[in-house]
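# Chains, contacts and geometry: an overview
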Amino acid sequence: MARRKSAAQAVVETVDGGLAELIPDPDRPRAWTLLVDGAPQSHVDLDDPRYLDFSYQRRLGHVIDLVAPPGKPLQVVHLGGGGFTLARYVAGTRPRSSQQIVERDAALVQLVRRELPLDSTARIRVRSTDAREGLLKIPDGWADLLIADVFSAARTPAHLTSVEFLEEVRRVVRPGGHYAANLADGPPLAHLRGQIATVAAVFGELALAIDPAVLRGKRFGNAVLVASDTELPVAELTRRIASDPHPGRVEHGRALADFTGGATPVRDAAAVASPAPPPGVFR
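So, a few notes on the structure that sits alongside this text. (Residues numbered from 1 in each chain as written. Predicted model: local features only at pLDDT ≥ 70, side-chain atom pairs only at ≥ 80, totals over all residues. Heavy atoms only, no water.)

Our next topic: the side chain of Asp130. Counting through the fold element by element, Asp130 comes out in the loop between β8 (123-127) and α4 (131-135). Classification of Asp130 as buried rests on a relative accessible area of 10%. One polar contact links Asp130 to His159, side chain to side chain, over a distance of 2.8 Å. With residues up to four places along the chain from it excluded, the contact list for Asp130 reads Val102, Arg104 and His159. (Helix = DSSP H or I, 4+ residues; strand = E, 2+ residues; numbered from the N terminus. Buried < 20%, exposed > 50% of the residue type's maximum accessible area, 1.4 Å probe, protein only. Polar contact = N/O pair within 3.5 Å; in protein donor to acceptor, adjacent residues only side chain to side chain. Contact = heavy atoms within 4.5 Å.)

The subject of this paragraph is helix α8 (residues 234-242). Turning to α8, its buried residues number three or more, namely Val234, Leu237 and Ile241. Within α8, the buried residues cover an arc of 65 degrees as seen down the axis, which keeps them to one side. In the core, the buried residues of α8 are packed alongside α1 (55-66), β11 (205-210) and β13 (249-252). (Arc of directions from axis to C-beta.)

Our next topic: the sheet that holds strand β7 (residues 98-102). Here 8 strands make up an open sheet; going across it, the order is β8-β7-β6-β9-β10-β12-β11-β13 and the pairing mixed. On the outer flanks of this sheet lie β8 and β13, each paired with one strand and no other. Direction aside, neighbouring strands of the sheet carry axes that sit 15 degrees apart on average. The strands that helix α2 (residues 85-93) touches are β6 (75-79), β7, β8 and β9 (143-148); relative to β7, the one it contacts most, it runs at about 180 degrees. Contacts between helix α5 (residues 163-172) and the sheet are confined to β6, β9 and β10 (173-185), with β10 contributing the most and set at about 140 degrees to the helix. (Pairing = 2+ DSSP bridges. Axes fitted to C-alpha atoms, helices over the stretch in contact; angles between N-to-C directions.)

See below:
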């Protein structure tokens with residue numbers, strides 16, 4: 001394993017998933033951006049874990065804020081660790097929360113723990129295993145919120161896109177709890193539509209937070225899909241996302257069903273990884 005620091009104090013290290021880079025943020029003294037093989041994974045501010053730099057993470061932050069009264073501790077499962085940004089956010093905004101992170105890349109976990117250490121008082125457990133295998137170890141109904149943000153070579157693995165996977169998610173999420181997934185797609189958005197249909201086969205209530213240009217199929221980008229078996233806080237989520245520094249929109253109900261069109265749920269036998277980002281999308 002190779003490791004070096006440049007004059008700017010960037011950290012470059014080989015991890016299981018490729019070449020990891022921790023790049024210091026020039027505008028925030030103890031903040032870093034994590035990239036793996038050139039793809040941005042996380043932004044972490046060690047001085048302010050409540051600061052979320054990436055727009056999709058801010059959208060997930062809004063979900064975290066709205067699934068329970070302010071400050072109420074939650075039990076949260078994170079599939080995909082990255083820089084542990086959202087787990088830090090939960091710990092910072094909802095003290096005494098209990099969290100489990102499932103991150104397959106053990107070398108990446110070691111790098112993040114060493115260079116971007118977690119608050120020693122935070123109740124965060126990290127498992128270095130495959131996301132779907134890790135779910136099997138979590139008791140029925142344990143999670144108030146389960147967040148899926150898993151990418152390998154900038155693509156969500158196929159076995160994390162199916163009805164069978166979502167059924168395991170549903171088992172872990174308590175009644176009245178929530179599921180949120182970071183999805184990435186570009187025109188013609190077939191993967192995104194298929195994922196909406198897949199989640200709808202398991203959860204009764206859905207909402208999609210997305211950049212308007214991505215929704216119109218103009219460019220590749222991220223979308224956050226939120227699901228529950230109970231009513232979602234759509235109005236407040238819409239307001240917050242519309243007022244973001246990079247405004248998005250929220251689709252739900254009939255509009256979301258119309259967008260999904262004739263897409264059908266994905267089963268394990270036919271599952272494929274999410275599309276690869278086009279060249280230059282992260283430049």
